[in-house]
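Summary of the model geometry
Residues per chain are reported as follows:
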Amino acid sequence: MRQTAVGCNNSRYMKLKIFSIIIFCLILQGCNKERPESKYYQNEFTGEILSKVEFDELNMKLIPDTTKERVSLRFRFTKMTEKGDSLIQSFKY
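Residues numbered from 1 in each chain as written. Predicted model: local features only at pLDDT ≥ 70, side-chain atom pairs only at ≥ 80, totals over all residues. Heavy atoms only, no water.

1. Let's talk about the overall build of the protein
Secondary structure summary: the protein contains two helices and four strands in total. N-terminal to C-terminal, the α/β element order of the protein is α-β-β-α-β-β. The buried share among the 93 residues of the protein stands at 12%. Expressed as a percentage of contacts within the protein between residues at least 6 apart in sequence, the contacts between residues at least 24 apart total 43%. (Helix = DSSP H or I, 4+ residues; strand = E, 2+ residues; numbered from the N terminus. Buried < 20%, exposed > 50% of the residue type's maximum accessible area, 1.4 Å probe, protein only. Contact = heavy atoms within 4.5 Å.)

Set out below in C-alpha cells:
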C-alpha cells in the first residue's frame, strides 16, 4: 500500500513536469513569431506614408554627416495596420 502512494506521487510529479514543459514550449513558440515586414511606413507626426526607400532616406537625412555632434535618434514603431494587401507600419521619432 505504501509503494502505491509513492508511485502515485511520482506520477503526479511527472504529469506536472510534462505539463510545465508543454506550457514553456507554447510560451516560447508565441514569442518567436516574426512580424511581417511592412513595405510602407506612416509618420505619425505628419501622417505621410513613405515607401521603404523613402523611409531609409528620411533616416539618413535626420542623422547629421558630421561626427562632431553626438546624436541619438530612435524610431518608435507603433501599430501596424493593413490596407488592402499592404502592411503599413506607423512610427514616431
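2. A word on the nonpolar core
With five residues, the main nonpolar core is built from Tyr 41, Leu 50, Phe 55, Leu 58 and Phe 91. Those residues in contact with Phe 91 that sit more than four places away from it in its chain are Tyr 41, Gln 42, Asn 43, Glu 44, Leu 50, Phe 55, Leu 58, Phe 75, Arg 76, Phe 77 and Thr 78. (Core = buried A, V, L, I, M, F, W, Y, C linked by side-chain atoms within 4.5 Å.)

3. Thoughts on the packing of aromatic side chains
By the definition in use, this model includes 10 aromatic pairs. Residues Phe 55 and Phe 75 carry aromatic rings whose centres are separated by 5.0 Å and whose planes lie at 55 degrees to one another, so their mutual orientation is tilted. With Phe 55 in helix α2 (residues 52–62) and Phe 75 in the loop between α2 and β3 (76–83), this residue pair connects regions lying 20 residues apart in the sequence. The class of Phe 55 is buried, set by a relative accessible area of 6%. (Phe/Tyr/Trp six-rings, centres within 6.5 Å; stacked < 30°, edge-to-face > 60°.)

4. Topic: the confidence of the model for the protein
Here the protein averages 79 in pLDDT, while 73% of its residues score no lower than 70. The secondary structure element of the protein with the lowest average pLDDT is helix α1 (residues 2–31), at 73, and the one with the highest is strand β2 (residues 49–51), at 94. (pLDDT = per-residue confidence, 0-100.)

5. Examining the pattern of salt bridges
What the rule picks out here adds up to two salt bridges. Of the charged contacts in the structure, one is a salt bridge between Glu 44 and Lys 92, with a shortest N-O distance of 3.8 Å. Here Glu 44 is found in the loop between β1 (40–43) and β2, whereas its partner Lys 92 is found in strand β4 (residues 86–92), with 48 residues between them in sequence. Note on Glu 44: relative accessible area 32%, which makes it partly exposed. The exposure class of Lys 92 is partly exposed, given its relative accessible area of 30%. (Salt bridge = Lys/Arg side-chain N within 4 Å of Asp/Glu carboxyl O.)

6. Re the pairing of β3
Regular strands have side chains that alternate between both faces of the sheet. Where β3 meets β4, six bridges bridge the pair, whose relative direction is antiparallel. For Met 80, the partnering residue across the bridge sits in β4 and is Gln 89. Between β3 and β4, which pair antiparallel one after the other, the connecting turn spans two residues, and Gly 84 there sits at a positive phi close to 65 degrees. (Pairing = 2+ DSSP bridges.)

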